[in-house]
Amino acid sequence: MALALALKLHGVTAEVFEARERAAVLRDSRVLALSDGARQILDWLGVWSGLSATAIETIHISHRGGFGRSCLRATELDLEALGWVLPASDLISALDAAVTEAGIVYHENARVMRSAIHGARPPRRRGGAFRASSSCSRLLPRVPCKRAPALSATTRSMPCCVP
């Protein structure tokens, strides 16, 4: 869902193909630990602000039975946090709401059977499964690897590259 939102922000139409029912995806019971870089991407996508996450302020690094240890602290690196912990269901719900609001097509109970390199055509439905007629590498536009322009009030841009 995050990729579909990012592509939409860059003017590229995308669809989400999920093998499970949408309701089952929203009930994910895992807990996620995200890097601060992931938080920045989710913030850029407009889904982070409504989430309640716990900051990871300290990380202890050691090897059981080995000599020494190291400790990373967000304050020493002048960061708000080294990462964030939150329920997967909260993040998925926020992404799902953003996908719906953006008008991105969501296919539930969909299986992509195979992908072949033959131009960029959308997947076709055959017997309950989608058969993709192009590879992922051909679906993404070629974008020069340059820093994106600075953020403005009207346009969201993020420095990133699509290979």
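Note: the structure precedes this text.
Below, the structure is looked at part by part.

Cut-offs and rules
- Residues numbered from 1 in each chain as written.
- Predicted model: local features only at pLDDT ≥ 70, side-chain atom pairs only at ≥ 80, totals over all residues.
- Heavy atoms only, no water.
- Helix = DSSP H or I, 4+ residues; strand = E, 2+ residues; numbered from the N terminus.
- Buried < 20%, exposed > 50% of the residue type's maximum accessible area, 1.4 Å probe, protein only.
- Contact = heavy atoms within 4.5 Å.
- Patch = residues over 30% accessible without salt bridge, like charges linked within 9 Å, V, L, I, M, F, W, Y side chains within 5 Å.
- Areas by Shrake-Rupley, 256 points an atom, 1.4 Å probe, with all protein chains shown as cover.
- Salt bridge = Lys/Arg side-chain N within 4 Å of Asp/Glu carboxyl O.
- Phe/Tyr/Trp six-rings, centres within 6.5 Å; stacked < 30°, edge-to-face > 60°.
- Lys NZ or Arg CZ within 6 Å of the ring centre and 35° of its normal.

### Comments concerning the side chain of D28
Relative to the elements of secondary structure, D28 occurs in the loop between helix 2 (22-26) and strand 2 (31-35). Using a relative accessible area of 11% as the deciding quantity, one classes D28 as buried. If we skip the residues at most four places from it in the chain, D28 touches A88, S89 and I92.

### Quick look at the environment of R22
Tracing the chain through its elements places R22 in helix 2. Spatially, the C-alpha atom of R22 lies 9.0 Å from that of D96, the residues being 74 residues apart in sequence. Those residues in contact with R22, other than ones at most four positions away along the chain, are D96, V99, T100, Y106 and E108.

### Some details on a nonpolar patch on the surface
A surface patch of nonpolar side chains, about 390 Å² in accessible area, is lined by I59, I61, L72, L77 and L79. With respect to the secondary-structure elements, L79 resides in the loop between strand 5 (69-73) and strand 6 (83-87).

### What about the packing of aromatic side chains?
Applying the stated rule across the entire model yields 1 aromatic pair. For the ring pair W48 and W84, a centre distance of 5.8 Å and an interplane angle of 70° mean the geometry is edge-to-face. Taken together, the positions of W48 in the loop between helix 3 (36-44) and strand 3 (54-56) and W84 in strand 6 put the pair 36 residues apart, joining distant regions of the chain. W48 gets classed as buried once you look at its relative accessible area, which sits at 9%. The ring of Y106 has R22 lying over it, and the distance from NZ or CZ to the ring centre is 3.8 Å.

### What about helix 1 (residues 2-9)?
Residues of helix 1 that are buried include every one of A4, L5, A6 and L7, and no others. On its buried face, helix 1 is in contact with strand 1 (15-17), helix 3 and helix 4 (88-102).

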